[in-house]
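Summary of structural features
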Amino acid sequence: MKPSDDRLNHIAHQIHDRLYNDDLVDYPDDDKALREIKKVINLYFQVEEEADRAAQEKIATLKRGVSPGSREWEVLYRKYYEEELAKKGRN
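Throughout what follows, the structure given in this document is the object of discussion. (Residues numbered from 1 in each chain as written. Predicted model: local features only at pLDDT ≥ 70, side-chain atom pairs only at ≥ 80, totals over all residues. Heavy atoms only, no water.)

**Some points on the pattern of salt bridges**
- The full count for this structure, using the stated rule, is seven salt bridges.
- Across the pair Lys-58 and Glu-83 runs a salt bridge, and its minimum N-O distance is 3.5 Å. Of this pair, Lys-58 sits in helix H2 (residues 30–60) while Glu-83 sits in helix H3 (residues 71–87); the two residues are 25 residues apart in sequence, bridging distant segments of the chain.
- The partly exposed category is assigned to Glu-83, whose relative accessible area is 32%.
- A salt bridge links Lys-58 to Glu-84; the nearest nitrogen and oxygen atoms lie 3.3 Å apart. Linking Lys-58 in helix H2 with Glu-84 in helix H3, this pair joins segments that are 26 residues apart in sequence.
- Here Glu-84 falls in the buried class, since its relative accessible area comes to 8%.
- Within the structure, one salt-bridge network assembled from shared partners comprises Lys-58, Glu-83, Glu-84 and Lys-87. (Salt bridge = Lys/Arg side-chain N within 4 Å of Asp/Glu carboxyl O. Helix = DSSP H or I, 4+ residues; strand = E, 2+ residues; numbered from the N terminus. Buried < 20%, exposed > 50% of the residue type's maximum accessible area, 1.4 Å probe, protein only.)

In structure tokens, the structure reads:
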């Protein structure tokens, strides 16, 4: 689930400030750094959403008709979701 814009801004500022305060990075352009942090966060959630969609589609195409919300659906969803994340380089 993608966070709201306000939440995204809050998270981006926390990351930005923590990196700076821990002397891990100096930003030549704070605004650009925040935009890049937000971009990376959005990409992260985009991958999550794609994995979610792909897992649900795989379950929907099964011939045995697994009922949403059932224990079997949950197990298959987790399996397919993890497979999709692994395809995209996330383990």
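**Some remarks on a nonpolar patch on the surface**
- On the surface, a nonpolar cluster with roughly 250 Å² of combined accessible area is contributed by Ile-15, Leu-19 and Leu-24.
- Take Leu-19: it is sitting in helix H1 (residues 5–21).
- You can call Leu-19 partly exposed: its relative accessible area is 31%. (Patch = residues over 30% accessible without salt bridge, like charges linked within 9 Å, V, L, I, M, F, W, Y side chains within 5 Å. Areas by Shrake-Rupley, 256 points an atom, 1.4 Å probe, with all protein chains shown as cover.)

**Quick word on the environment of Val-40**
- The residue Val-40 is located in helix H2 in this model.
- Here the alpha-carbon distance between Val-40 and Arg-18, two residues 22 residues apart in the chain, equals 16 Å.

**Here's the deal with H3**
- Relative to the 24 Å expected for 17 residues at 1.5 Å per residue, H3 spans 25 Å between its end C-alpha atoms, a close match to the ideal helical length.
- Buried within H3 are the following residues: Trp-73, Leu-76, Tyr-77, Tyr-80, Tyr-81, Glu-84 and Leu-85. The arc that holds every buried residue of H3, seen down its axis, measures 165 degrees, which confines them to one face.
- Tucked inside the fold, the buried residues of H3 contact H2. (Expected span 1.5 Å × (residues − 1). Arc of directions from axis to C-beta. Contact = heavy atoms within 4.5 Å.)

**As for the nonpolar core**
- Within the largest apolar cluster, eleven residues are counted, these being Val-47, Ala-51, Ala-55, Ile-59, Val-66, Trp-73, Leu-76, Tyr-77, Tyr-80, Tyr-81 and Leu-85.
- Those elements that place two or more of their residues in this core are H2 and H3.
- A total of six residues in this core trace back to one element, the largest contributor, which is H3. (Core = buried A, V, L, I, M, F, W, Y, C linked by side-chain atoms within 4.5 Å.)

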